Amino acid sequence: MKALKKIALATLVGVTMAATLPAVAETTAKNWTAPSYKIYAQTLSDEIMAAHPELISVTFHGVPPGMSKVYTMFAGSYPDRIGNPDDPDDVMIIETGITILDPRWHRTKDAIRKYVPMLPLRDAAGENIGLLVLAYKNPADAGYNDEHFFKASMKLRDELQKKIPSYAALFQQAK
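Note that this is a predicted model, so its numbers are computed, not measured.

## What to know about the overall build of the protein
Then comes step 1: Check the secondary structure of the protein and you find four helices and five strands.
Then comes step 2: Ordered by position from the N terminus, the helices and strands of the protein form the series α-α-β-β-α-β-β-β-α.
Then comes step 3: Expressed as a percentage of the 175 residues in the protein, the buried residues total 43%.
Then comes step 4: Residue pairs in contact within the protein that sit at least 24 positions apart in sequence constitute 59% of those at least 6 positions apart.

## Here we look at the confidence of the model for the protein
Detailed reading of the predicted coordinates is not advisable wherever pLDDT falls low.
Then comes step 1: Mean pLDDT over the protein: 88, with 83% of residues reaching 70 or higher.
Then comes step 2: Note on residues 4-9: pLDDT under 50 across the span, and two contacts to partners over four residues away in sequence or across chains.
Then comes step 3: Throughout residues 11-25 the model reports pLDDT below 50, and contacts reaching past four residues in sequence, or to other chains, amount to 16 contacts.

## Some words on helix α3 (residues 88-96)
Then comes step 1: Burial in α3 covers these residues: D89, D90, V91, I93 and I94.
Then comes step 2: Looking at the residues trailing α3, positive phi occurs at G97, about 80°.

## Re unusual backbone geometry
Then comes step 1: Despite not being glycine, K69 has its phi angle at roughly 60°, a positive value.
Then comes step 2: Relative to the helices and strands, K69 resides in the loop between β1 (55-62) and β2 (72-76).

## Let's talk about the packing of aromatic side chains
Then comes step 1: Considering all chains together, one arrives at eight aromatic pairs under this definition.
Then comes step 2: Plain terms: the ring middles of F74 and F171 are 4.5 Å apart, the flat faces sit at 40° to each other, and that makes the pair tilted. Within this pair, whereas F74 is found in strand β2, its partner F171 is found in the segment after α4 (146-161), the two being separated by 97 residues in sequence. Note on accessibility: F74 and F171 belong to one class, buried.
Then comes step 3: Measuring from centroid to centroid gives 5.5 Å for Y136 and F149, while their planes differ by 55°, and the two rings are tilted.

## Details of the side chain of Q161
Then comes step 1: Here Q161 shows up in helix α4.
Then comes step 2: Look past the residues within four positions of Q161 in its chain and what remains in contact with it is R122, D123, A124 and G126.

## Section: the pattern of salt bridges
Then comes step 1: Tallied over the full model, the rule gives seven salt bridges.
Then comes step 2: Between E95 and K69 there is a salt bridge whose closest N-O contact spans 3.4 Å. Taken as a pair, E95 in helix α3 and K69 in the loop between β1 and β2 lie far apart in primary sequence, 26 residues in all.
Then comes step 3: According to the relative accessible area criterion, E95 is partly exposed, its value standing at 47%.

## Points about the sheet that holds strand β5 (residues 128-137)
Adjacent strands of a sheet pair through backbone hydrogen bonds, lying either parallel or antiparallel.
Then comes step 1: Taken in spatial order, the five strands line up as β2-β1-β5-β4-β3 in an open sheet, and their pairing is antiparallel. A single partner strand is all that each edge strand has here, and the edge strands are β2 and β3 (100-102). The sheet shows a mean angle of 25° between the axes of neighbouring strands, taken without regard to direction.
Then comes step 2: With three bridges connecting them, β3 and strand β4 (residues 114-122) associate as antiparallel partners. Looking across to β4, one finds that L101 is bridged to P117.

How each quantity is defined
Residues numbered from 1 in each chain as written. Predicted model: local features only at pLDDT ≥ 70, side-chain atom pairs only at ≥ 80, totals over all residues. Heavy atoms only, no water. Helix = DSSP H or I, 4+ residues; strand = E, 2+ residues; numbered from the N terminus. Buried < 20%, exposed > 50% of the residue type's maximum accessible area, 1.4 Å probe, protein only. Contact = heavy atoms within 4.5 Å. pLDDT = per-residue confidence, 0-100. Phe/Tyr/Trp six-rings, centres within 6.5 Å; stacked < 30°, edge-to-face > 60°. Salt bridge = Lys/Arg side-chain N within 4 Å of Asp/Glu carboxyl O. Pairing = 2+ DSSP bridges. Axes fitted to C-alpha atoms, helices over the stretch in contact; angles between N-to-C directions.

This is how it looks when you write it as structure tokens:
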């Protein structure tokens, strides 16, 4: 019951923040440039998308090694968005380790009905090291609820963390 109360609070926070935060313009300047090689995090993103047809997208966020307070998307299923600055809710999750469940109710810019859990990204030791954003397909007739998406996203994240020896490893050249 305690966990469900936290889910409800995070959902409320996510909906409130989504409604009050300004949208990032499509023309926002990049704040980071990926290396010329494919990084390990991008390999993980590709693997997740191949294994999970229920997803629309997956993105990894954090501060690239050697930088300070430069919060960015550094890997994901939309390569053109890599290097985009993070929104305030992304930064809040990275800094505090909370989870936001965002049902994307009544969002006019979302062409596809989806549900977006935003979770702390963890390494194999269980340390919070960044942010993982998952966008799930959410057909109107599926009958899914917050608990369904929370459990699915936690399972995916927990399986993923076993593959992340350290935050720095995410930026190493993929093998």
